[in-house]
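What follows is the residue order along each chain.
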Amino acid sequence: MEEMEEIYREHAKTVYKFLLSQCHRESLAEELTQETFYQAVRSIDRFDGSCKVSVWLCQIAKHLWYQYLQKKKREAPGHEADLDGPISSAEEVLLSREGHLELLKQIHSLPEPAREVVYLRAFGGLGFREIGDVLGKTETWARVTFYRSKERLKGGWDHES
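Everything numeric in this text was worked out from a predicted model, so none of it was measured.

Draft legend 1. Structural detail: the side chain of Thr 145. Take Thr 145: it is sitting in helix 7 (residues 139-154). Exposure remark for Thr 145: the relative accessible area of 12% places this residue in the buried category. In this structure Thr 145 touches Ala 114 and Val 117, once residues within four positions along its chain are discounted.

See the structure below:
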């Protein structure tokens, strides 16, 4: 059990940042991070060492995130009040949403894995080494992919990556 505590100390932040980049809600990311480690403890005997522990944990986290989305799809559509931030005027909210919506549309138009690299870096706050670990690539690959994606979003690069 001490080994699992060490794994938690070493990888919880990476898993949390990964989940935050997916769901964009701190409380949900925290909840799913805890569930990720619970599931990891339950299935530790199935970890075969064919990938890094951080990759395995993020795979579990991604699976839990998809389960959460499926569950929400099945539930009746309802809007949760998001009371985590300050209340803005309707005009500020509209302008902010339009800008964010346009940026998200542009990011969403990126091919994979560029899109996921941008999400993990920009919204998840992960470093390039962590992104490389999560996606099973090198730190340099993550840096180059992010740079090319950024250039593409700026309109300075029209090639497929």
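From this point on, the discussion continues.
Draft legend 2. Spatial organisation of the layout of surface pockets. By volume, the second largest pocket is sized at about 180 Å³. If you go around the second largest pocket, the residues you meet are Ser 21, Gln 22, His 24, Lys 62, Trp 65, Tyr 66, Glu 112, Arg 115, Glu 116 and Tyr 119. For the lining of the second largest pocket, the elements supplying multiple residues, two or more each, are helix 1 (2-23), helix 3 (53-74) and helix 5 (114-123). For the lining of the second largest pocket, the class distribution of residues is 3 nonpolar, 3 polar and 4 charged.

Draft legend 3. Just helix 6 (residues 128-135), in detail. Those residues of helix 6 lying buried are Phe 128, Ile 131, Gly 132 and Val 134. For helix 6, the angular spread of buried residues about the axis comes to 165°, placing them on one side. Structurally, helix 6 contributes buried residues whose contacts are with helix 1, helix 3, helix 5 and helix 7. Within two residues after helix 6, Gly 136 carries a phi angle of roughly 70°, on the positive side.

Draft legend 4. Quick peek at the packing of aromatic side chains. Overall, the coordinates contain 4 aromatic pairs when judged by the stated rule. Here the aromatic rings of Phe 47 and Trp 56 are separated by 4.8 Å at their centres, their planes lie at 40°, and the arrangement is tilted. For Phe 47, a relative accessible area of 24% puts it in the partly exposed group. A residue is classified by how much of its surface remains accessible, and Trp 56, at 11% relative accessible area, is buried. Aromatic pair Trp 65 and Tyr 68: ring centres 5.7 Å apart, planes at 15°, arrangement stacked. Placement of both Trp 65 and Tyr 68 in helix 3 is noted, with a separation of 3 residues, approximately one turn of the helix. There is no split in this pair, since Trp 65 and Tyr 68 are both buried.

Draft legend 5. Highlighting the pattern of salt bridges. Scanning all chains against the criterion turns up 6 salt bridges. We note a salt bridge from Glu 6 to Arg 9, for which the minimum N-O separation is 3.1 Å. Of this pair, Glu 6 and Arg 9 both sit in helix 1, 3 residues apart, roughly one helical turn. In this structure, a network of salt bridges that share partners links the residues Arg 129, Glu 139 and Arg 143.

Reading the values: the criteria
- Residues numbered from 1 in each chain as written.
- Predicted model: local features only at pLDDT ≥ 70, side-chain atom pairs only at ≥ 80, totals over all residues.
- Heavy atoms only, no water.
- Helix = DSSP H or I, 4+ residues; strand = E, 2+ residues; numbered from the N terminus.
- Buried < 20%, exposed > 50% of the residue type's maximum accessible area, 1.4 Å probe, protein only.
- Contact = heavy atoms within 4.5 Å.
- 1 Å grid on protein atoms, 1.4 Å probe; cavity = no way out; pocket = protein on both sides within 12 Å on 5 of 7 lines; lining within 4 Å.
- Points joined across faces, edges and corners; volume = space filled by probe spheres on them.
- Nonpolar A, V, L, I, M, F, W, Y, C, P; charged D, E, K, R; others polar.
- Arc of directions from axis to C-beta.
- Phe/Tyr/Trp six-rings, centres within 6.5 Å; stacked < 30°, edge-to-face > 60°.
- Salt bridge = Lys/Arg side-chain N within 4 Å of Asp/Glu carboxyl O.

Just geometry here; none of it tells us what the structure is for.
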